Amino acid sequence: MKRVNKFSVEKVKGMRLALVPAFNEERTIEKVISKLKKLGFEVIVVDDGSTDKTFELAKKAGSIVLRHEENKGKGLALKTGFEYILREFPTASSVIVIDADLQYSPDDAIKVLKPIEEKKADFVMGCRNWREIPFRHRLGNFVWRTLFNLFFNTSLKDTNCGIIALSRETIKKVKKAIHGGYIIENAILAEVVKNKLRIEQVPVEVHYRSKSGLLRGIRVVLGISIFIIIEGLKYRLGKRY
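Novice: What is the right way to read the overall build of the protein chain from this model?
Specialist: For the protein chain, the helix and strand inventory stands at nine helices and eight strands. In terms of overall size, the protein chain behaves like a compact globule, its C-alpha atoms giving a radius of gyration of 17 Å where 241 residues would be expected to give roughly 18 Å. Across the 241 residues that make up the protein chain, the buried fraction comes to 52%. By sequence separation, contacts in the protein chain at least 24 residues apart represent 77% of the contacts at least 6 residues apart.

Novice: What exactly am I supposed to notice about unusual backbone geometry here?
Specialist: Among all residues except glycine, the phi angle is most often negative; among peptide bonds, the trans geometry is most common. Located in the positive-phi region is Asn24, a residue other than glycine, with phi close to 55 degrees. You can see Asn24 is positioned in the loop between β2 (16-22) and α2 (29-38). With relative accessibility at 30%, the residue Asn24 sits in the partly exposed group. Even without being glycine, Lys119 reaches a positive phi, approximately 60 degrees. Its location among the elements puts Lys119 in the loop between α5 (109-117) and β6 (123-128).

Novice: Hey, could you run me through the nonpolar core in this one?
Specialist: One recurring pattern in soluble globular proteins: nonpolar side chains tend to sit buried together. Core analysis: the largest hydrophobic core is formed by 76 residues, its most contacted members being Leu19, Val20, Ile29, Leu36, Phe82, Leu166 and Ile188. The element that contributes the greatest number of residues to this core is helix α8 (residues 184-194), accounting for seven residues. Non-local contacts of Phe82, meaning those with residues more than four positions away in its chain, are made with Leu19, Val95, Val97, Leu166, Ile171 and Ile178.

Novice: Quick question: what am I supposed to make of the confidence of the model for the protein chain here?
Specialist: Should the pLDDT be low somewhere, the predicted coordinates at that spot are not to be read in detail. Residues with a pLDDT of 70 or more make up 91% of the protein chain, whose mean pLDDT is 90. Contacts for the low-pLDDT stretch residues 5-12, under 50 throughout, to residues beyond four places or in other chains number 12 contacts.

Novice: How should the packing of aromatic side chains be read in this particular structure?
Specialist: The geometry of two aromatic rings is summed up by the distance between their centres and the angle between their planes. All told, the structure shown has three aromatic pairs when counted by the stated rule. Where Phe148 meets Phe152, the ring centres are 4.4 Å apart and the plane angle is 20 degrees; that geometry is what we call stacked. Separated by four residues within a single helix, Phe148 and Phe152 lie in helix α6 (residues 135-152), roughly one turn from each other. With a relative accessible area of 0%, Phe148 lands in the buried category. A connected cluster of aromatic rings, assembled from ring pairs, spans Phe148, Phe152 and Tyr235. In this structure, Arg67 is placed above the aromatic ring of Phe55, and the distance from its NZ or CZ to the ring centre is 4.4 Å.

Novice: Hey, could you run me through the environment of Leu214 in this one?
Specialist: Structurally, Leu214 is set in helix α9 (residues 214-240). Look at Leu214 and you get exposed, because its relative accessible area is 55%. Sequence separation between Leu214 and Arg136 is 78 residues; the distance between their C-alpha atoms is 8.4 Å.

Novice: Please clarify how α5 should be interpreted in this entry.
Specialist: Residues spaced three or four apart along an α-helix face the same direction, because each turn holds 3.6 residues. Residues Ala109, Val112, Leu113, Pro115 and Ile116 constitute the buried set of α5. Looking straight down α5, one finds that the buried residues subtend no more than 145 degrees of arc, so they occupy a single side. One or two positions beyond α5, positive phi appears at Lys119, with a value near 60 degrees.

Novice: Could you clarify how one ought to interpret the state of the cysteines in this entry?
Specialist: A covalent bond bridging the sulfur atoms of two cysteines is what the word disulfide describes. If you walk through the whole model with that rule in mind, you get zero disulfides. Lacking any disulfide linkage, Cys127 is separated from the closest cysteine sulfur, that of Cys161, by 7.6 Å.

Novice: Honestly, the pattern of salt bridges in this entry has me stumped. Any pointers?
Specialist: Side chains bearing opposite charge may pair, as long as their charged atoms lie close to each other. The tally for this structure, following the rule as stated, stands at 16 salt bridges. Residue Asp158 pairs with Arg128 through a salt bridge whose shortest N-O separation is 2.7 Å. Linking Asp158 in the loop between α6 and β7 (164-167) with Arg128 in strand β6, this pair joins segments that are 30 residues apart in sequence. For the pair Asp158 and Arg128, one class covers both residues: buried. Linking Glu231 and Lys234 is a salt bridge whose minimum nitrogen-to-oxygen distance equals 3.4 Å.

Rules and cut-offs
- Each chain has its residues counted from 1, running along the sequence as written.
- In keeping with the model being predicted, local features are shown solely for residues with a pLDDT of at least 70 and side-chain atom pairs are shown and tallied solely at 80 or more, while totals for entire chains, interfaces and linings include all residues.
- Heavy atoms throughout the structure, all of them, feed into the side-chain values; hydrogens and water do not.
- Here a strand is any run of E in DSSP of at least two residues, a helix any run of H or I of at least four, and the numbering for each starts at the N terminus.
- As defined in this context, the radius of gyration uses C-alpha atoms, and a globule is described by 2.2 Å times the residue total to the power 0.38.
- Residue exposure (1.4 Å probe, protein chains only): buried if accessible area is under 20% of the type maximum, exposed if over 50%, otherwise partly exposed.
- When checking whether two residues touch, look at their non-hydrogen atoms; a contact exists if any pair is within 4.5 Å.
- Here the nonpolar core consists of buried residues drawn from Ala, Val, Leu, Ile, Met, Phe, Trp, Tyr and Cys, with membership extended through side-chain atoms lying within 4.5 Å.
- pLDDT expresses how confident the predictor is about each individual residue, on a scale running from 0 to 100.
- Think of it this way: a Phe, Tyr or Trp ring, Trp meaning its six-membered ring, pairs with another when their centres are within 6.5 Å, and the plane angle makes it stacked under 30 degrees, edge-to-face over 60, tilted otherwise.
- For a Lys NZ or an Arg CZ to count as sitting over a ring, it must be within 6 Å of the ring centre and within 35 degrees of the ring normal.
- Taking the helix axis as origin, the arc is that swept by the directions to the C-beta atoms.
- The disulfide criterion used throughout: a pair of cysteine sulfur atoms within 2.5 Å.
- By definition here, a salt bridge exists when the distance from a side-chain nitrogen of Lys or Arg to a carboxyl oxygen of Asp or Glu is within 4 Å.

Dropping the structure here:
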């Protein structure tokens, strides 16, 4: 992994941090960074082995840029970012995570971060309006949400939203459980529940620009569902025994 953009920790002391994992997002990365910086965030982009101009454009837009030489998946991109924040930002008390494709609006960043800043939560996940989501995606999310709530004894309205906020202590507790692939949101959420951390959800905007292919969608739904069931059984058995 390469690090670029030298900076002063004192310069960003007390500022809000935003972590943006990105893979081939040259069309949107500058806009995401610009919107977050206007809201007062110091932006850290993890370029996960992009083959387009994501790296150059993120650097040009004024973000701190970390780079994987090859694509490792969103989970490991987040792990790289979390480890960097814990090491290089000793005064940072929280961070917001948002995707780089503008599916989620950067304008919601402060709203998602607020419960942590007000000490009301340790972890915040956005909650989407299901009427704004294509049926195929809505169905998959219904399956995941139902399974997660069943196995982890929760009543969450959204378990796979791509805009989240974490306190520093939460990052320390969940980063060891982070995996690659599409299970990342559920992996973090499961670890939050296991550690009995306080969870809040706030409504956020979502904008779908494309639909997953049918076969790919089935694979993703099955893969995440199996992960939830396995981790849920471990959680149940661990609590019982």
